[in-house]
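Given next are the chains, with one letter for each unit.
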Amino acid sequence: MQKTIFILFFSITSIHTYSQVVITNSNFSLGTTGRIGVGLSPNGEGNMWKPLNLSGQGSLGGRMEQVDYIDILPAIHFTPKIIGKDSTNVTFQMRLGMYSANGQFVGNVSTRSNNGLTFILPEAYIEARNIMGSKWSAWVGSRFRRYDDIHISDYFYFDDHSAQGFGVSNKNTELTMLMPASSDSTGVFPYNYQVTVAGATNPAIRQRMVWIGEHSIHLKNDNVIKLLGEFHYVAANSKNASKNYPSDNGWVAGIKYNNPLKTALPGSFNQLSVRYGSGIANGGDNGNTFTWATYGAPDLEGKYSNAHSFTMVEHFLLNLSQKFSINGYGVFTKSKGGSASTNTDEYFNGNQLYNQKTDFVVGFRSFFYVTKWLHLIEEVHYAVRKDGDNPEANMWKFSFAPTIVPLGKKDPWSRPHIRLVYTLAHYNDYARDHNYSPYLQVNQKSWGSYIGVKTEWWLF
């Protein structure tokens, strides 16, 4: 989604019927995104709802039953030196996120609850665009720096570089430097290790550095080809540590093609991308596509020299008529860690991890515009997950959601939505018998269900 700014106007109306005072501040703006509602599983234990998607795939397979979350995006805009003549655009933006960590409704939990509310600050950065009228732009901080996504599965693919760092751009070329997770040793990343100092063992972390280059080629009819290259590096730890780990690296190469399509209503497109990651840059799991979140276990030397990952994504939207639109996608990912094992192996901390996996997910969402404000939404998803040498776990999922669209637009992106959602999922025997879903971990059944009333919104 483009970060266009929703400017907030504050108005104060006096008691007198015929007078009004309006106060505006164009240096401040406020955006928000979120989803909130209620729901249950009619055939679940105690009707308690749990996510239906396959484990390890996040929202791939549909997000109609997604847990509550709220984001608030305040921003401050700096005035250029010469108003009307200077095109410099400087913005400081933050994102304050909140969601329920244990799946309960946001309104029923607090920070005092066990695994209650989680607050996050994923964005806090300054960006300067078109500096002094030039084609140069720059930013520094922590941000959601990501582009195309499959909205119906909340899947930001190919070029999701969300982390802390800095970057510069000139026209269609961007250069970025990221340093994700510089001090957090609790995350599952392949640079955790323990050092012994004065007899005490302490968790520590090696600093990963990620260099990213991107270039967009603009063709005729608004077609765009985007090229991606990355290089990742982690240094060796001290030779005086209790256990030594060597330096390691990885790289990424990818290409994405965006093609606008002419249909009865504007906004149709086709997007196709291919990405390959090698070494410690083979990340992408649990519905995320961060290349720096390395997948799998290391080899006997503690390295990921033989690790790799291949991902291909197809995504399209067709606004076929005044009555009907369809949005579809397909995702294929095959990843392997650094170990020679095709099943499981030992991670740095001694845990056993799968060292190979395959994801295959396809899905469709259709929109039937009964009126401008009443849309009938239907979804069908098919998902497959194969971990190591295990058989395939698969799921079919069907959703039907009559939706009120208060802004009255025949547009798949018009928000807010107020939806009545009914979802039915069917699992194969292997998925059911091995609890391959949060729902199946509580209800070991072939069929899962969900019914709820949800709202989804965004204002930027």
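The sections below set out a description of the structure shown in this document. (Residues numbered from 1 in each chain as written. Predicted model: local features only at pLDDT ≥ 70, side-chain atom pairs only at ≥ 80, totals over all residues. Heavy atoms only, no water.)

What follows deals with the overall build of the protein. What the protein contains, in helices and strands, is one helix and 26 strands. Here the protein holds 460 residues, and the buried ones make up 46% of them. When contacts within the protein are restricted to residue pairs at least 6 apart in sequence, those whose partners lie at least 24 apart make up 62%. For the protein, the accessible surface area stands at approximately 22400 Å², while carbon and sulfur atoms represent 60% of it. (Helix = DSSP H or I, 4+ residues; strand = E, 2+ residues; numbered from the N terminus. Buried < 20%, exposed > 50% of the residue type's maximum accessible area, 1.4 Å probe, protein only. Contact = heavy atoms within 4.5 Å. Areas by Shrake-Rupley, 256 points an atom, 1.4 Å probe, with all protein chains shown as cover.)

Our next topic: empty space enclosed by the protein. Going through the model one piece at a time under the given rule, you end up with six cavities of 30 Å³ or more. Taken as a whole, the largest cavity encloses approximately 100 Å³ of empty space. Around the largest cavity sit 18 residues that line it, and Tyr 155, Gly 284, Thr 333, Lys 357 and Asp 359 are the ones nearest its centre. When contributions to the lining of the largest cavity are tallied by element, the ones reaching two or more residues are β19 (324–336) and β22 (356–369). Residues of the lining of the largest cavity, tallied by class, amount to three nonpolar, 10 polar and five charged. (1 Å grid on protein atoms, 1.4 Å probe; cavity = no way out; pocket = protein on both sides within 12 Å on 5 of 7 lines; lining within 4 Å. Points joined across faces, edges and corners; volume = space filled by probe spheres on them. Nonpolar A, V, L, I, M, F, W, Y, C, P; charged D, E, K, R; others polar.)

Tallied over the full model, the rule gives 24 salt bridges. In this structure, the salt-bridge partner of Arg 63 is Asp 154, at a minimum N-O distance of 3.9 Å. Of this pair, Arg 63 sits in the loop between β3 (28–40) and β4 (69–78) while Asp 154 sits in the loop between β8 (149–150) and β9 (155–156); the two residues are 91 residues apart in sequence, bridging distant segments of the chain. Since its relative accessible area comes to 28%, Asp 154 is described here as partly exposed. Close ionic contact of Glu 456 with Arg 63 constitutes a salt bridge, the shortest N to O distance being 4.0 Å. Residue Glu 456 is located in strand β26 (residues 447–459), and its partner Arg 63 is located in the loop between β3 and β4; the two are separated by 393 residues in the primary sequence. Pair check on accessibility: Glu 456 and Arg 63 agree, each one buried. (Salt bridge = Lys/Arg side-chain N within 4 Å of Asp/Glu carboxyl O.)

It is worth spelling out the nonpolar core at this point. Membership of the largest hydrophobic core comes to 40 residues, with the highest contact counts inside it found for Leu 54, Ile 150, Tyr 155, Tyr 329, Val 331, Tyr 427 and Ala 431. Elements supplying a minimum of two residues to this core: β14 (208–218), β19, β22, β23 (374–387), β24 (393–404), β25 (417–427) and α1 (429–433). For Tyr 155, the residues in contact, after removing those within four places along its chain, are Leu 60, Asp 148, Asp 149, Ile 150, Gly 287, Thr 289, Thr 311, Val 313, Val 331 and Thr 333. Core analysis: the next-biggest nonpolar cluster, separate from the first, contains seven residues, Tyr 245, Ile 280, Ala 307 and Phe 348 among them. (Core = buried A, V, L, I, M, F, W, Y, C linked by side-chain atoms within 4.5 Å.)

Tracing the sequence through the fold places Lys 256 in strand β16 (residues 248–260). There is a polar contact of 3.0 Å between the side chain of Lys 256 and the side chain of Asp 148. Filtering out sequence-adjacent residues up to four positions away, Lys 256 remains in contact with Tyr 147, Asp 148, Tyr 157, Phe 158, Asp 159, Val 224, Ile 225, Lys 226, Leu 272 and Ser 273. (Polar contact = N/O pair within 3.5 Å; in protein donor to acceptor, adjacent residues only side chain to side chain.)

As a further point, take the side chain of Lys 454. Looking at the secondary structure, you find Lys 454 in strand β26. Of the polar contacts made by the side chain of Lys 454, one reaches the backbone oxygen of Gln 66; its length is 2.7 Å. Dropping the residues within four chain positions of it, Lys 454 is found in contact with Arg 35, Ile 36, Gly 37, Val 38, Met 64, Glu 65, Gln 66, Asp 68, His 417, Ile 418, Arg 419 and Val 421.

Within the secondary structure, Ile 152 sits in the loop between β8 and β9. We classify Ile 152 as buried; its relative accessible area is 1%. It is 7.4 Å that separates the C-alpha atoms of Ile 152 and Arg 365, two residues lying 213 residues apart in sequence. Filtering out sequence-adjacent residues up to four positions away, Ile 152 remains in contact with Gly 62, Arg 63, Asn 327, Tyr 329, Phe 364, Arg 365, Glu 379 and His 381.

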